[in-house]
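Spelled out, the chains give:
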Amino acid sequence: MKKITAFFLALAIALTTFVIPAGAATKTKVWNGKADTSWYTGKKTSYNIDTPEELAGLSELVNSGNSMSGITINLTADLVMNDTSDWNKWVERGKLPKNVFTPIGKSGNIAGGYYPFCGIFNGNGHTISGLCVNSGRTAGLFGFVYHGAVLNLILEKGVIYGYDNGKGKGVYAGGVAGIVDGGVISQCENRMQVYSEGKLDMASGDREAYAGGIVGSIHPENITAIVGGLVGSIFFNPLLMNSGGGYAIKESGIYDCVSYGYVKVMSGTTGYIGGIAGWGNNGIIKNCMAINSWDANRGKRNRGTIYRGRILGGTYSCKITNCYYHKQNNDIKGIGQNWSTAAAGIVKDNAVCKTYEQMISKSFAKTMGEAFVYAKNDRPYLVCDLNSPVAKTAASDTNASKTTKPTVSIKNGKATISWSAADGAESYIVYKKQSNGKYKKLIATKKTKISIKNVKDGTQYDLLIKAVYEDGTKSTIKNGKFSFKA
């Protein structure tokens, strides 16, 4: 396997102003470097995996010729592939961590090895951290996805490094996948570094380098491909429809994805670098958000050509819909190089540049669509992300609601009611139940405490407390419907 040399070392990863949540505590220990295939029996259409060893086993199975067509793989726990304490220095120091992962699936030809992943991988909102890939031709958690799908997955604190091994036309590197052909990548987020190293200073030949925050290159077909039965928990996904015997891809492309981190292309010929995808053909990138920093190296003689796009590095006919990127460099647009023609159809660069202040607004979260959720004073998060600040707050509120109730103290005929603040609430309305059984507004307040005077001994008071949010919506606070007797 090719080693990363000092000549190609990148600058330290450039951090953005966005807050990236720390990795959550995981069920499993750090990967031991071995592969476990014992979970796969070949007799089911759905399998659950919850250890790094089982993930490595999936790679071993697919790269041995089992495409997993018609099969769903459910990730049911967060995974740690390497110690992540110094993950952002792995490339900088020129030394990879202990465990190097082989991408799931590889592209090529029958003679040179052609083993695509054709099933569904459902991350179920879990996070894979510490992933390190150093692979020829195709590099990513998945090397090659063909008529398959990768859904609901978070990748953080890792490195994807792809290099040209001379066994194919160029090199493709992406956080989720190197190449996607006729498949779907949906509701995934990448917070890793991605590198794509093409052949340098070649006198002839075509050895392009492609790098994307989510996918190196997407070549989707406009087909309806049966990709397997979905059993168990899966987040609602409008791209997949029940076909009777399983689920089918309705439209191929990259949907509802977010890309952070650092992306770099090194090529002496031609390179394409994109926040979401390096290259795209005949597909669609929709409802995606790119917040990347990047760099490029054009070879020893500085003769390579690098095309940069905030969403898509280059394309002939890949469409961009409702995609946004963080304002970092005004002269770089959504599409780096647009090769579309009138005959084949002109592709419009519909990507929109947004400032940080715009991205943290509630209206922007709504614009991103149902796969995203608003986080106060932060950018939108994927609804599926189990470790996002929004999910953690909701979990905390759920746990607290089991024990936390408004408190009532009565003294000298005055009742004082206090309650815990609701996250994101601008104010509160307290209602009192009437003799006809209906609740009537008693008081509106921005505080979490009110007083009721002249309460009568032995009388029961039934109250209801609702939180009022910025957009005017109201919801009952936890344990907000309660009674007390004076």
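Worth saying up front: this structure is predicted, and the values here are computed from it rather than measured.

### What to know about the overall build of the protein
And then number 1: The helix and strand inventory of the protein stands at 4 helices and 39 strands.
And then number 2: Here the protein holds 486 residues, and 53% of them are scored as buried.
And then number 3: By sequence separation, contacts in the protein at least 24 residues apart represent 75% of the contacts at least 6 residues apart.
And then number 4: Accessible surface, the protein: about 20,900 Å² in total, of which carbon and sulfur atoms supply 48%.

### A look at the sheet that holds strand 35 (residues 425-433)
And then number 1: Strand order in this open sheet of 4 strands is 36-35-38-39, and the pairing throughout is antiparallel. Strands with a single pairing partner mark the edges of an open sheet, and in this sheet they are strand 36 (439-445) and strand 39 (474-485). When strand polarity is set aside, the average angle formed by the axes of neighbouring strands in this sheet is 25 degrees.

### Describing the nonpolar core
And then number 1: Within the largest apolar cluster, 66 residues are counted, with the highest numbers of intra-cluster contacts made by Leu55, Phe101, Phe121, Leu141, Ile254 and Ile285.
And then number 2: Examining the composition of this core, we find that 5 residues originate from one element, helix 1 (residues 52-62), more than from any other.
And then number 3: Residue contacts for Ile254: discarding those within four places in its chain leaves Ile185, Ile214, Val215, Ile218, Ile276, Ala277, Ile284, Ile285, Lys286 and Cys288.
And then number 4: Core analysis: the second largest hydrophobic core is formed by 18 residues, Ala422, Val455, Ala467 and Ile477 among them.

### Digging into the packing of aromatic side chains
And then number 1: Under the defined criterion, the tally for this structure stands at 20 aromatic pairs.
And then number 2: Ring centres of Phe117 and Phe142 lie 5.0 Å apart, and the angle between their planes is 50 degrees; this geometry places the pair in the tilted category. Of the two residues, Phe117 sits in the loop between strand 3 (79-80) and strand 4 (120-129) while Phe142 sits in strand 7 (residues 142-146), which places them 25 residues apart along the sequence. Per residue, the accessibility class of Phe117 equals that of Phe142, and both read buried.
And then number 3: On the basis of an interplanar angle of 40 degrees and a centroid distance of 6.1 Å, the ring pair of Phe144 and Tyr146 is categorised as tilted.
And then number 4: Residue classification places Tyr146 among the partly exposed residues on the basis of a relative accessible area of 23%.
And then number 5: Three or more aromatic residues joined by ring pairs form one cluster here, namely Tyr172, Tyr210, Tyr272, Trp279, Tyr307, Tyr316 and Trp339.
And then number 6: Over the aromatic face of Tyr431 sits the side chain of Lys466, whose NZ or CZ is 5.9 Å from the ring centroid.

### Concerning the environment of Tyr161
And then number 1: Looking at the secondary structure, you find Tyr161 in strand 8 (residues 149-163).
And then number 2: Look at Tyr161 and you get buried, because its relative accessible area is 1%.
And then number 3: Between the alpha carbons of Tyr161 and Gly140 there is a distance of 7.9 Å; along the sequence they are 21 residues apart.

### Things to note about the pattern of salt bridges
When their charged atoms lie close together, side chains carrying opposite charge are able to pair.
And then number 1: Applying the stated rule across the entire model yields 6 salt bridges.
And then number 2: Two residues, Glu156 and Arg191, come together in a salt bridge whose shortest N-O distance is 2.9 Å. A residue pair is termed long-range when its members are at least 10 positions apart, and Glu156 in strand 8 and Arg191 in strand 11 (residues 184-197) qualify at 35 residues. With respect to class, Glu156 is no different from Arg191; both count as buried.
And then number 3: One salt bridge connects Arg191 with Asp385, and the closest N-O pair in it is separated by 3.1 Å. Note that Arg191 is positioned in strand 11 and Asp385 in the loop between strand 32 (381-382) and helix 4 (389-400), a separation of 194 residues in sequence.
And then number 4: Within the structure, one salt-bridge network assembled from shared partners comprises Glu156, Glu189, Arg191, Arg379 and Asp385.

### Here's the deal with helix 1
And then number 1: Burial analysis of helix 1 places 10 of its 11 residues in the buried class, which makes it a mostly covered element.
And then number 2: Among the residues of helix 1, Pro52, Glu53, Glu54, Leu55, Ala56, Gly57, Leu58, Ser59, Leu61 and Val62 are the ones counted as buried.
And then number 3: Where helix 1 is buried, its residues meet strand 1 (46-49), strand 2 (72-75), strand 3 and strand 4.

Criteria and thresholds
Residues numbered from 1 in each chain as written. Predicted model: local features only at pLDDT ≥ 70, side-chain atom pairs only at ≥ 80, totals over all residues. Heavy atoms only, no water. Helix = DSSP H or I, 4+ residues; strand = E, 2+ residues; numbered from the N terminus. Buried < 20%, exposed > 50% of the residue type's maximum accessible area, 1.4 Å probe, protein only. Contact = heavy atoms within 4.5 Å. Areas by Shrake-Rupley, 256 points an atom, 1.4 Å probe, with all protein chains shown as cover. Pairing = 2+ DSSP bridges. Axes fitted to C-alpha atoms, helices over the stretch in contact; angles between N-to-C directions. Core = buried A, V, L, I, M, F, W, Y, C linked by side-chain atoms within 4.5 Å. Phe/Tyr/Trp six-rings, centres within 6.5 Å; stacked < 30°, edge-to-face > 60°. Lys NZ or Arg CZ within 6 Å of the ring centre and 35° of its normal. Salt bridge = Lys/Arg side-chain N within 4 Å of Asp/Glu carboxyl O.

These values are about where atoms sit, not about what they do.
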